[in-house]
Amino acid sequence: MERTTLRRRALVAGTATVAVGALAVAGLTGVASADPAGTTAPPVSADSLSPGLLAAMERDLGLDADDARSRIANEYRAAAVAAGLEKSLGASFAGARVSGTKAALTVATTDASETARITEAGAKAEVVGNSLDRLEGVKEALDRAALRKAPKDVPVWYVDVEANRVVVNAASPSAGQTFLKSAGVDSGLVTVARSAEQPRALADIRGGDAYYMNGSGRCSVGFSVRRGTQNGFATAGHCGRVGTTTNGFNQQAQGTFQGSTFPGRDYAWVATNANWTPRPLVNGYGRGDITVAGSTSSVVGASVCRSGSTTGWHCGTIQQLNTSVTYPEGTISGVTRTSVCAEPGDSGGSYISGSQAQGVTSGGSGNCSSGGTTYFQPINPLLQAYGLTLVTSGGPTDPPTDPPTDPPGGTWAAGTTYAVGATVTYGGATYRCLQGHTAQPGWTPAAVPALWQRV
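Residues numbered from 1 in each chain as written. Predicted model: local features only at pLDDT ≥ 70, side-chain atom pairs only at ≥ 80, totals over all residues. Heavy atoms only, no water.

(A) Inspection of the nonpolar core at higher detail. Leu85, Leu105, Val107, Leu142, Val168, Phe179 and Val185 are the most contacted members of the largest nonpolar core, which has 38 residues in total. Elements with a contribution of two residues or more to this core: helix H3 (65-89), strand S1 (93-99), strand S2 (104-109), helix H5 (132-148), strand S4 (156-160), strand S5 (165-170) and helix H6 (173-183). If one sorts the elements of this core by residue count, H5 sits on top with 7 residues. Formed by 31 residues, the second largest nonpolar core is a distinct cluster that contains Leu54, Ala68, Ala271 and Val282. (Core = buried A, V, L, I, M, F, W, Y, C linked by side-chain atoms within 4.5 Å. Buried < 20%, exposed > 50% of the residue type's maximum accessible area, 1.4 Å probe, protein only. Helix = DSSP H or I, 4+ residues; strand = E, 2+ residues; numbered from the N terminus.)

(B) View of the state of the cysteines. Per the stated rule, a full pass over the model turns up 3 disulfides. The disulfide that involves cysteine 219 links it to cysteine 239, with 2.0 Å between the sulfurs. One disulfide, between cysteine 219 and cysteine 239, carries an S-S torsion of -90° and so falls in the left-handed class. Of this pair, cysteine 219 sits in strand S9 (residues 217-219) while cysteine 239 is found in the loop between strand S11 (230-235) and strand S12 (245-248), placing the two residues 20 residues apart along the sequence. Under the relative-accessibility criterion, cysteine 219 is labelled buried at 0%. In this structure cysteine 239 comes out as buried when scored by relative accessible area, which is 6%. Across the disulfide from cysteine 341 sits cysteine 368; the S-S distance is 2.0 Å. Its S-S torsion of about 100° marks the bond between cysteine 341 and cysteine 368 as right-handed, since a negative value means left-handed. Here cysteine 368 lies in the loop between strand S21 (356-367) and strand S22 (371-378) and cysteine 341 lies in the loop between strand S19 (330-338) and strand S20 (350-353), a separation of 27 residues in the sequence. (Disulfide = S-S within 2.5 Å.)

(C) Quick look at the pattern of salt bridges. Tallied over the full model, the rule gives 8 salt bridges. Residue aspartate 60 is joined to arginine 59 by a salt bridge in which the shortest nitrogen-to-oxygen separation is 2.9 Å. Overall, aspartate 60 belongs to the partly exposed group, its relative accessible area being 27%. In this structure arginine 59 comes out as partly exposed when scored by relative accessible area, which is 40%. The salt bridge partner of arginine 117 is glutamate 114, with a shortest N-O separation of 2.8 Å. (Salt bridge = Lys/Arg side-chain N within 4 Å of Asp/Glu carboxyl O.)

(D) Expanded view of the packing of H5 against H6. Axis separation between H5 and H6 bottoms out at 8 Å; the angle between their running directions is 95°. The orientation of H5 relative to H6 falls into the category roughly perpendicular. Between H5, through Ala141, Leu142, Ala145, Ala146 and Arg148, and H6, the contact on the second element is made entirely by Phe179, Leu180, Ser182 and Ala183. Residues of the contact of H5 with H6, tallied by class, amount to 7 nonpolar, 1 polar and 1 charged. (Axes fitted to C-alpha atoms, helices over the stretch in contact; angles between N-to-C directions. Parallel < 35°, antiparallel > 145°, perpendicular 65-115°, else oblique. Contact = heavy atoms within 4.5 Å. Nonpolar A, V, L, I, M, F, W, Y, C, P; charged D, E, K, R; others polar.)

(E) Local environment of the packing of aromatic side chains. As enumerated under the stated definition, the model contains 6 aromatic pairs in all. Ring centres 5.1 Å apart and planes at 55° place the aromatic pair tyrosine 211 and phenylalanine 233 in the tilted group. You can see tyrosine 211 sitting in strand S8 (residues 211-213) and its partner phenylalanine 233 sitting in strand S11, a full 22 residues away along the chain. Both residues of the pair, tyrosine 211 and phenylalanine 233, belong to the buried class. Grouped by ring-pair contacts, the aromatic residues Tyr211, Phe233 and Phe257 constitute a single cluster. (Phe/Tyr/Trp six-rings, centres within 6.5 Å; stacked < 30°, edge-to-face > 60°.)

Written as C-alpha cells, this is what we have:
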C-alpha cells in the first residue's frame, strides 16, 4: 500500500516565505558544513570558476565560457528559489527542475492557487497531480521491498519530477511488475521502462591515480573533510570497509577508513595521517584545480562535472535526485542519477556544480567512449552521517602542503598519450604500458602499476 510521507517542510509551510529573490541576485550562500550547527560559505560568483571546469563544460555540454558562466549563475539562483518554494509550498510542492542552456527554473505544485506565488519568485509554475511527498512515499515502499530482497532484473528506480511519476527501469515489463507487486505500491503512479542498464560499482579494476586500498584496489578521493582536528576525505563506501588502509597516488601511506556504508548507501570517510593536508580543491587534471566553496545541492537539469582518477574531467546534467539503483552487491538508495560518464577507478571521486560540492561517484553503466549513466552519493548526507565538516574556501585551512612525489627522470612525461605496449624509462627502470591512457601529473610508472608493468 502507498505511504505518503509529509516532510518537515509541511510543518513550516504556514510561516515560510519565498524571500529569496534578493539572495539569488546577490549570490547564493552555500552550505559549507553538515554538522548540527551548520555553517555557511560566503557568496560565490560564477566569474571565479576554474578554467578547467569551463573547458570541460565546453567539451561535454557545448557551452562556451560565457554561456557556462551564465548557466551556472542561473543554476545558483534556481537552487535558492527552489529551496525557498519547497518550504513555502509545503505538502503541495511537487519538485523543481531547470532546463535549456539558460537553466530556466520550473517548480511544480498540486495546488493551482500557488502558481502566482511560484511566478512571483521567478520560476515557471506547473500544476500536476502528485506531490513530491506522495511520489517519494511510493519510492520508499520500493526501497523497503528491495532491502528485504534485491529485485531481479530491476537495476534502477527514481522519482521523475518532470513526468510527475515514479519510474522503474527493468529488463522486462514482467520484472518491473513483479517488483511493484512485492512492494505493494499503486502501479498507477509508476511507469515501468525497459532498460538494458547493468550498473556496477566502479572500484572493480585495480590501479591508477588517487588512492589505493590495502595496497591493491584503486578509487578516487571525493572531497577534503575534517572531524574535529582530524583531517581526511570523503569517498565511496564500496571502496573499503572500516579498517581498510590507504596509500596515496604516490604509493605513500595515507590513512584508514573510519566509517563505511555499502550497500544501502554508498559513502565512507578516510582519516589521513599528518603528511596529508586537506585543501578545498578538486583535481582538474591538467586544466587547473577547482575550488570548493560549499555544498548547496543543485536541482534536476543542472550541470554537474565529475573528477576521477581513470577518466579525469567529464560533465553532464543531473537527471533525477533520490534514485535507487541495484548493483550485484545490493541496492543503493538516495543517490543522484546523471548523464556524466565514468569508468572503474573513478569511484569515490568528486561531483561538483560550479564551486558547490554535490557528491562522490558511486557507480553506473556505459563508459566515456560510448557514453553512460552514473550515480553519485550526495555529499551532505555523507557529512551528516559521520559528523564531518567539508573543507571549503570560506573557512581557514592549514597551509597547503602537497604530499611528496616520486623522483623524476627517464622518457616518461605527463601529457603524453601512451598506447598499450609502449615502453618508457623512469627512475632508471623500463616500463611497458598495460592500458592506453594520457599521462597526468602524478601518474608515474612506479606509482601506477595498473597502467605500467616494470620489465
